[in-house]
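Analysis of the macromolecular model
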Amino acid sequence: MKFVVLTIFPEMFDPFWDHGIIRRAIDQKKIFASTLNIRDFAEDNHQVTDDRPYGGGSGMVMKPEPLSGAIRAANRKCPAAKTILLSPQGRVFDQAAANELAGFEGLVLVCGRYEGVDERISHNLIDDEISIGDYVLTGGELAAMVVIDAVTRQIPGTLGGEDAAEKDSFSNGLLEHAHYTRPQVFEGNAVPEILLSGHHEAIENWRLESAMLRTLLKRPDLLKSKSLSKQELDILKKWSQRIEEIIESYHRGHREHRE
Ligand code: 4GX
């Protein structure tokens, strides 16, 4: 996978390329990372990249000429790449989008600043528009890093170890189960006994139940849109029954009070 980032702040990406799994993926040539400075494609002596909006008003707009020059240069570097504009108007990025983008040969990520980019850029030179969430950033750079990070870890061989992006959060539509490591007792709290048992099937069952309960409590919206296996349905029924029993015994207590 080839990433080409277009930005007026390429230095923001230096520490990003230089750490952790992204760094290792570059070293192992699983991904190729580069930036182009949009300012280098400005046509005037002062290398201006922004201008005042037609129609007036506050704020500045990114000029089209430097951006189109940068996008065309990126497309020459990677002709098969998909060109993405990071913007609050884009489709909201999620795990499915990360998986989909991981299938491309290359991604050109266009980072806007100011109030945005001249509309004729988004209209003619952009294949896809992505938002990383419904909040306003000062520029597209952090959004591009989020996309690159989530896409990179979906590329086979980047995670190391048993390498299973399939095993982690969201791949099964659930949040991750609880995790524990040594010591066995920390500040008076012990690790669940089953995890020390060496009984692999029981541990897998416990982990599924942990994942189901965490999703139910923290992100019930995810459970609603998920298709459930028999085992998952049985876990929900068990907890539903337990909750109903508590409510019933509460009502019984109140009836006795009145008698
Ligand atoms: N997810 N921003 C981009 C300038 C801009 C506006 C419109 C292009 C079109 C954001 C987000 C985000 C702020 C980055 C506005 N560029 N990007 N910037 N949320 O808020 O991706």
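Here we summarise the structure given alongside this text.

What counts and what doesn't
- Residue numbers run consecutively from 1 along every chain, following the written order of its sequence.
- Reporting in this predicted model follows two pLDDT cut-offs: at least 70 for local features of residues, and 80 or more for side-chain atom pairs to be given and counted; totals over whole chains, interfaces and linings ignore these cut-offs and use all residues.
- Calculation of side-chain values draws on the structure's entire complement of heavy atoms; hydrogens and water are dropped beforehand.
- Being paired, for any two strands, means DSSP has found at least two bridges between them.
- Helical segments are the DSSP runs of H or I of at least four residues, strand segments are the runs of E of at least two, and each set is numbered from the N terminus.
- Each axis is a line fitted through C-alpha atoms, taken for helices only over the stretch in contact, and angles between the N-to-C directions span 0 to 180 degrees.
- What counts as a ring pair is set by centres within 6.5 Å for rings of Phe, Tyr and Trp (its six-membered ring), and what kind of pair is set by the plane angle: stacked under 30 degrees, edge-to-face over 60, tilted for all other angles.
- Consider the ring centre and the ring normal. A charge sits over the ring if Lys NZ or Arg CZ is within 6 Å of that centre and within 35 degrees of that normal.
- Buried means the residue's accessible area, taken with a 1.4 Å probe over protein chains only, is under 20% of the maximum for its type, while exposed means over 50%, and partly exposed covers the values in between.
- By definition in these notes, contact holds between two residues if any of their heavy atoms fall within 4.5 Å.

1. Details of the sheet that holds strand β1 (residues 2-7)
Taken together, the five strands give an open sheet; going across it, the order is β2-β1-β6-β5-β7, and neighbouring strands pair in parallel fashion. Every other strand in the sheet has two partners, leaving β2 (32-37) and β7 (128-131) as the edge strands with one partner each. Adjacent strand axes in the sheet meet at a mean angle of 30°, parallel and antiparallel pairs treated alike. The pairing of strand β5 (residues 82-92) with strand β6 (residues 106-111) spans five bridges and is parallel. Across the sheet, the residue bridging to T83 is V108, located in β6.

2. What about the packing of aromatic side chains?
Inspection of every chain in the model, using the stated rule, returns four aromatic pairs. Aromatic pair F16 and W17: ring centres 5.3 Å apart, planes at 45°, arrangement tilted. Here the aromatic rings of Y180 and W206 are separated by 6.5 Å at their centres, their planes lie at 55°, and the arrangement is tilted. In this pair, Y180 sits in the loop between α6 (141-152) and β8 (185-186) while W206 sits in helix α7 (residues 200-218), placing the two residues 26 residues apart along the sequence. Every member of this aromatic cluster is reached through a ring pair, and the members are F13, F16 and W17. Taking NZ or CZ as reference, R242 lies 4.5 Å from the ring centre of W239, over its face.

3. Quick word on the pairing of β1
Consecutive side chains along a regular strand alternate between the two faces of the sheet. Counting buried residues in β1 gives five out of six residues, a clear majority hidden from the surface. Where β1 and β2 come together, six bridges link them in parallel fashion. Paired with K2 across the strands is F32, a residue of β2. Relative to β6, β1 is paired through five bridges, and the arrangement is parallel. In the strand pairing of β6, K2 is matched with G106.

4. Looking at the environment of T49
Locating T49 in the fold gives a position in the loop between β2 and β3 (50-51). Measuring from C-alpha to C-alpha, the distance between T49 and E65 comes to 8.4 Å, with 16 residues separating the pair along the chain. Setting aside residues up to four positions removed in sequence, T49 forms contacts with I8, I38, R39, V61, M62, K63, P66 and Y114.

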